[in-house]
Amino acid sequence: MKSDAFLPTSAKEMKRRGWDNCDIVIVTPDAYIDHPSFGMAVLGRFLESHGFRVGILSQPRWKDSDSFMEFGRPNLAFAVSGGAMDSMVINYTAVGIPRKDDPYCDGADPYFSKKGDAKRYRIRPDRTVQVYCSQIRAACKGTPIIIGGIEASLRRIAHYDWWSDTVRRSILFDSKADLLIHGMGEYPLLEAVSALRNGAILADQQIPGTAVALRGTDDLSSPVELPSYEEARTNKESFARAYCDFEKLNRSRIIIQKQDTRYLVQFPASPLTTEELDAVYDLPYTRMPHPKYHDVPAYRMIRDSVTAHRGCYGNCAFCAITSHQGPDIVSRSKNSIEREIRSITKVPGFGGTITDIGGPSANMYGSQCIIGGCITHDCLKDGSGCKNLLPGIRDYQTLLDTAAECPGVRHVFIGSGLRFESPVLPEYFLRKILKENISGNMKVAPESGSDRVLRHMHKSPTSVFGEFHHLYERICREEKVSRRLVPYIIVGHPGENEEDIYRTRDFLNHYCLYGNQFQIFTPSPLTRSTAMYYLGYDPCTEEPVEVVRDRRELEKRKNILTRRNR
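Parameters and conventions
Residues numbered from 1 in each chain as written. Predicted model: local features only at pLDDT ≥ 70, side-chain atom pairs only at ≥ 80, totals over all residues. Heavy atoms only, no water. Pairing = 2+ DSSP bridges. Helix = DSSP H or I, 4+ residues; strand = E, 2+ residues; numbered from the N terminus. Contact = heavy atoms within 4.5 Å. Axes fitted to C-alpha atoms, helices over the stretch in contact; angles between N-to-C directions. Expected span 1.5 Å × (residues − 1). Buried < 20%, exposed > 50% of the residue type's maximum accessible area, 1.4 Å probe, protein only. Arc of directions from axis to C-beta. Disulfide = S-S within 2.5 Å.

Draft legend 1. Up close: the sheet that holds strand β3 (residues 54-58). As summarised here, the arrangement of the nine strands in space is β3-β1-β4-β7-β10-β11-β14-β13-β12, forming an open sheet in which the pairing is mixed. Both outer strands of the open sheet, β3 and β12 (224-225), are each paired with one neighbouring strand and no more. Bridging between strand β7 (residues 145-148) and strand β10 (residues 179-181) involves two bridges; their strand directions are parallel. Looking at the pairing, Ile 147 lines up with Leu 180 of β10. The strands that helix α2 (residues 39-49) touches are β1 (24-28), β3 and β4 (77-81); relative to β1, the one it contacts most, it runs at about 175°. The sheet strands contacting helix α4 (residues 128-139) are β1, β4 and β7, and the helix crosses β4 at an angle near 155°.

Pasting the structure below:
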């Protein structure tokens, strides 16, 4: 496919469109894939649909500040992301060893390299957002910088950083950006660049889903003040209070936190409607990598998949999804999803299989709350389900059936993880997907075989998995289907001791669960589990938890589980 079908990635491509410059330059360490599963493509296409001239600066050679000036000075702003994954998580293993591959780079090669180079350096620098912003400031003083994506979103308040073993201040201050967008950023970014086009100053705007740095807070409406960065850095009790207040109130109240002589001011995000989400996914994506890329592993995984919804109310303590996407489910309409599937069938190389229709948890599609949500969002209630939860299983089943009837589609599979609690996985639906929508392997996430650890994780107890497994085996026998459960397990989560890892081993043996999806806990910013890791106790209940920091001990525990597979 010709490069003209994509957003411009170079000055040459920009000029072929007849442009002298761009309004917004989106900067990302990921290969540019024009597909709705890749955030920078979504943002670029969304701004383009509203009349803005957008350039995608993909994988700039960040050691050279001039490489950020490929398009010249943008009329309005640079929009900087750390990529689809946090740079520190993708660059290092859970025990701190540098990774040798990057699924968002061509050929999975994480390095800039060419013949004659004396030394290679990573395409994705550590703390990408800060590095990119520093180089942009050096090359293009005075141009507004907007930061967003998961790396910025999870570092928006004072937070514990495992890689430096310190409490760091908001990334908005460390990067010296003008605006931080937290969560899913299409509409906040549109509002921000529209304000810039009208001559406004970003710090003066109160855009939902953003954060700014202000000298004073007198003009704000009933803000909640967290303990300051300095208090959180030097006093664990203050850190715990800041975390808990943020967790409870950041979706409903203006949050402020003093960082230096200024305040971080965060405005809560506005929930999207189905119509707004449809508008994002109905844009004219090519669904292909830009021609300068040849083999990007992350693209291969999701090429023929469909995002059906955003959000997750699982509220797992270790997961960043609730902090980033939020706990409320926003689902696309069936018509929008059907339009996307029809477009997939026209992409060269489509083989007739939709590999996934899902989201963070596939079977949360269409879910609603009778009372419109609450502070805790504890919708699954240890597996029993909140009385106010309205699962959307019937709608999801209809969606899968409708997709299978589209011309050119032979199979529709679920590739996303599935929650195994009965409110969102009733027998009739499990029977249907085991027969029609599971391709060999079914991904489930018991996470641990110890009820004590599961309670710290805010996951359902082992008895709930046992009920699911009994039903699963019975259906497989009755329907004469052979499917394999692939378990996800976290090793070394706060609260786990050596006895717990043997409980997990016995749990896996009891249910004959095998695989290699055993991950050592990585303390990523702004999760409750990371706060436990740092504090040695739950920040909100004050219950003490055992924390293992020794790498050899963590590897030993992981090996206890992996050796049983041999």
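Draft legend 2. Structural detail: helix α14 (residues 393-404). Taking 1.5 Å per residue as the helical rise, α14 with its twelve residues ought to reach 16 Å, and the 17 Å between its terminal C-alpha atoms agrees with that figure. Where α14 is concerned, the buried positions are Ile 393, Tyr 396, Gln 397, Leu 399, Leu 400 and Ala 403. End-on view of α14: buried residues confined to an arc of 155°, all on one side of the axis. Tucked inside the fold, the buried residues of α14 contact α13 (334-344), β20 (356-358), β23 (411-412) and α15 (427-436).

Draft legend 3. Seen up close, the state of the cysteines. Summed over all chains, the structure comprises one disulfide. Between Cys 244 and Cys 540 runs a disulfide, and the two sulfur atoms are separated by 2.1 Å. Between Cys 244 and Cys 540 the sulfur-sulfur dihedral comes to about -120°; the bridge is accordingly left-handed. Of this pair, Cys 244 sits in helix α9 (residues 236-249) while Cys 540 is found in the loop between α19 (528-535) and α20 (551-562), placing the two residues 296 residues apart along the sequence. Judged by relative accessible area, which is 28%, Cys 540 ranks as partly exposed. Cys 105 takes part in no disulfide bond, and the closest cysteine sulfur to it belongs to Cys 133, at a distance of 19 Å. With a relative accessible area of 0%, Cys 105 lands in the buried category. A disulfide-free cysteine, Cys 319 has its sulfur positioned 6.0 Å from the sulfur of Cys 316, the nearest such atom. For Cys 319, a relative accessible area of 24% gives the class partly exposed.

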